[in-house]
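Below, each chain spelled out in residue letters.
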Amino acid sequence: MNNPLRYIARIAIEFKTPFLISTGEDDCLADSVFVADMNGLPTLPGSSITGVLRHKFQKFKQDKDNDIVDKLFGYQKGEQGEGSRLTVSWGCIHDKDNKPVEGIFDNAELLKDKVLLNALNGFTRDHVRINHRGTADKEEHGKFDERCVPAGHRFTFEMMLEGNKNDKEDWKNLLDIITSDSMRLGGKTRRGLGAFEVIMLQEAVFDLETENDFNRFSNHPVELSKELPKDAAMPDKKDSHKGIQFGND
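What counts and how
- Residues numbered from 1 in each chain as written.
- Predicted model: local features only at pLDDT ≥ 70, side-chain atom pairs only at ≥ 80, totals over all residues.
- Heavy atoms only, no water.
- Buried < 20%, exposed > 50% of the residue type's maximum accessible area, 1.4 Å probe, protein only.
- Helix = DSSP H or I, 4+ residues; strand = E, 2+ residues; numbered from the N terminus.
- Pairing = 2+ DSSP bridges.
- Core = buried A, V, L, I, M, F, W, Y, C linked by side-chain atoms within 4.5 Å.
- Contact = heavy atoms within 4.5 Å.
- Salt bridge = Lys/Arg side-chain N within 4 Å of Asp/Glu carboxyl O.

**Regarding the pairing of strand 9 (residues 196–207)**
Inference 1: Of all 12 residues in strand 9, nine are buried; the element is thus mostly enclosed.
Inference 2: Here strand 1 (residues 5–15) pairs with strand 9 via 11 bridges, running antiparallel. Within the sheet, the bridge partner assigned to A9 lies in strand 9 and is E203.

Here is the structure:
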């Protein structure tokens, strides 16, 4: 097995500013709305997180190690291609009990949760499209609005890298990027949207060539609301990241 190790990180973030990962479509209330799950709740597509990570990782490598970036994130060049070794799950929003919401919920139950109700409603930002003359562009729908997710909401997602011992440093770099102050998600980040803080980070490394780690990996909880096993292999202190646990709020 060329890549017997599974680097895993379960990460919870809290948005410090509103954010918008747009569907590219409108609804009866806004011209642009956020991506939602089957319950209508805001969600973080794993592809969006991966895309930002790839961009940041390439900048970190100073655009000179494209081979490393391609081997980590995958590529397609003509008939040549390779799949990504990094997998990022969808990010699930937290409810009033600070637990990720997974699965289908009864709408009446969702409406009883003030945190989720706030997320369902979102808030609308009005904009005016300016033309080359510096005035509202009436011909191209000069006025438009966007329904964003309010600041303060928390989400949990999981990252997994299929690799070997040589990937340890790149894995650390990815987690450093996730926990950096410059990391943003969604659109309009130059206008202040999409800023977040990592409030929990759990790591584990599994060697699938050993029976013990293979069994532990097989029992790895799929549900994001569950913590990693207590006997999970944690990083050394010198390699650790911002592993702040949730407070009792």
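**Looking at the nonpolar core**
Inference 1: I11, I13, L53 and M159 are the most contacted members of the largest nonpolar core, which totals 44 residues.
Inference 2: Put simply, the parts of the chain that give this core at least two residues each are strand 1, helix 1 (46–60), helix 2 (66–73), strand 4 (86–88), helix 4 (114–121), strand 8 (154–163), helix 5 (168–178) and strand 9.
Inference 3: Those residues within four positions of I11 in sequence are excluded, and the remaining contacts are F155, T156, F157, M159, L175, I178, V198, M200 and L201.
Inference 4: Grouped together as the second largest cluster of nonpolar side chains are five residues, I8, M160, A204 and L208 included.

**Brief notes about the pattern of salt bridges**
Inference 1: All chains considered together, the criterion is met by 12 salt bridges.
Inference 2: Across the pair R85 and D167 runs a salt bridge, and its minimum N-O distance is 3.1 Å. In this pair, R85 is assigned in the loop between strand 3 (80–82) and strand 4 and D167 in the loop between strand 8 and helix 5, connecting sequence segments 82 residues apart.
Inference 3: Judged by relative accessible area, R85 falls into the buried class, the value being 16%.
Inference 4: Among the ionic pairs, K172 bridges to D176, the shortest N-O distance being 3.0 Å. Here the residue K172 and the residue D176 both occupy positions in helix 5, the gap between them amounting to four residues, near one helical turn.
Inference 5: For K172, a relative accessible area of 23% puts it in the partly exposed group.
Inference 6: A network of salt bridges, in which partner residues are shared, links E14, K16, R154 and E197.

Note that every value here comes from positions in space, so none of it alone points to a role or purpose.
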